[in-house]
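# Observations on the three-dimensional arrangement
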Amino acid sequence: LQSSRNEKNYERSRKTYEVIETTNYLLDNLKDAETGQRGYLLTNDSTYLIPYKQAEKRISDIYLHLYSALGGNHDQQENLRTLNKLIKIKREELAETIFRYKRGDRKAALDRVRGYSGLKIMNEIKEMIAVVIQIEKEKLVNNNKSIERLTKRTQVFLVISNWLLLVIVLSALISIVQNRETLSSLFQEVENKNQIQ
């Protein structure tokens, strides 16, 4: 029973670590997309669009993975819905500035970047990701405490079990020795009676 509970706790901890890693990976890809966009707008070098496009492809999949990993947690689902709205705004801003720049409306694209709306959204995304991660870290701490408690209980149970086993073995040995002495004295008595006759 104890080991089954510990296995469940370890599995919860593994899932929590996975959520934290996935959330960080989502933020990394958003940063990669933004870096690619900025590099392209500043240099007019289309090779900067490669990391942008690669990150863009991964963002939706990462978000869906994260959403399904937090399926049973209502609070986190609400946080993810808010995060999804912010990510959508950010992705639209990135795509729009690149589109404008490619179309030749470079001033409008750069003005949009300089307008700090993209920075504001990115900061809101980071804050929301920090909230999601903080909740998961708290779950991890509580789960680890539970694992510690169960481990201590198991250790106490093992110590008591070992002492009881030792007492049983010693009792059995004492009983064997006493029975052996009794049998030995009976045999001696029988032998003495036989010699008298």
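Here, the structure is the one placed above.
Our focus in this paragraph is the side chain of N79. Considering the arrangement of structural elements, one finds N79 in helix α3 (residues 74–103). With a relative accessible area of 15%, N79 lands in the buried category. Apart from residues lying up to four places away in sequence, N79 is in contact with M128, V131, V132 and I135.

Moving on to a positive patch on the surface. Positive charge collects at one region of the surface, where R5, K8, R12, K145, R149 and R153 lie side by side. For the positive patch, the secondary structure elements donating two or more residues are α1 (2–43) and α5 (117–196). The topology assignment puts R12 in helix α1. What makes R12 partly exposed here is its relative accessible area of 46%.

On to the nonpolar core, then. Formed by 33 residues in total, the largest nonpolar core has its most connected members in L26, L30, L80, L83, I87 and I125. When contributions to this core are tallied by element, the ones reaching two or more residues are α1, α2 (49–69), α3, α4 (106–114) and α5. Those residues in contact with L26 that sit more than four places away from it in its chain are I59, I62, Y63, L66, L83 and I87.

Right, let's get into the pattern of salt bridges. Any two side chains of opposite charge can pair, given that their charged atoms come close. One pass over the structure, following the stated rule, counts 14 salt bridges. Between K90 and E34 there is a salt bridge, and its shortest N-O distance comes to 2.6 Å. Of the two residues, K90 is situated in helix α3 and E34 in helix α1; the sequence distance between them amounts to 56 residues. Like E34, K90 is buried.

A word on α3. In this model, α3 (30 residues) spans 43 Å end to end at C-alpha, consistent with the 44 Å of a helix rising 1.5 Å per residue. Among the residues trailing α3, G104 stands out with phi positive, at a value near 105 degrees.

A separate point is a nonpolar patch on the surface. Together, V159, W163, L165, L166, V169, L170, L173, I174 and I176 give the surface a local cluster of nonpolar side chains, amounting to about 870 Å² of exposed area. Tracing the backbone through its elements, the reader meets L165 in helix α5.

This next bit is on the packing of aromatic side chains. This model, assessed by the stated rule, comprises two aromatic pairs. Relative to Y101, the ring of Y40 lies with its centre 5.1 Å away and its plane at 70 degrees, an arrangement referred to as edge-to-face. Of the two residues, Y40 is situated in helix α1 and Y101 in helix α3; the sequence distance between them amounts to 61 residues. Of the two residues, Y40 and Y101, both sit in the buried class. The ring of Y101 has R106 sitting right over it, with the charged end atom 4.8 Å from the ring centre.

On to the packing of α3 against α4. α4 packs onto α3 with a crossing angle of 155 degrees between their chain directions and a minimal axis gap of 7 Å. With respect to α4, the axis of α3 lies roughly antiparallel. Between α3 and α4 lies a crossing whose hand is left-handed. Note on element contacts: α4 touches α3 through R106, A108, A109, R112 and V113, opposite E93, E96, T97, R100 and Y101. Classifying every residue of the contact of α3 with α4 by side-chain character gives four nonpolar, one polar and five charged.

About the thresholds
Residues numbered from 1 in each chain as written. Predicted model: local features only at pLDDT ≥ 70, side-chain atom pairs only at ≥ 80, totals over all residues. Heavy atoms only, no water. Helix = DSSP H or I, 4+ residues; strand = E, 2+ residues; numbered from the N terminus. Buried < 20%, exposed > 50% of the residue type's maximum accessible area, 1.4 Å probe, protein only. Contact = heavy atoms within 4.5 Å. Patch = residues over 30% accessible without salt bridge, like charges linked within 9 Å, V, L, I, M, F, W, Y side chains within 5 Å. Areas by Shrake-Rupley, 256 points an atom, 1.4 Å probe, with all protein chains shown as cover. Salt bridge = Lys/Arg side-chain N within 4 Å of Asp/Glu carboxyl O. Lys, Arg positive; Asp, Glu negative; His and termini not counted. Charge placed at Lys NZ, Arg CZ, Asp CG, Glu CD. Core = buried A, V, L, I, M, F, W, Y, C linked by side-chain atoms within 4.5 Å. Expected span 1.5 Å × (residues − 1). Phe/Tyr/Trp six-rings, centres within 6.5 Å; stacked < 30°, edge-to-face > 60°. Lys NZ or Arg CZ within 6 Å of the ring centre and 35° of its normal. Axes fitted to C-alpha atoms, helices over the stretch in contact; angles between N-to-C directions. Parallel < 35°, antiparallel > 145°, perpendicular 65-115°, else oblique. Left-handed = near helix turned anticlockwise from the far one by under 90°. Nonpolar A, V, L, I, M, F, W, Y, C, P; charged D, E, K, R; others polar.

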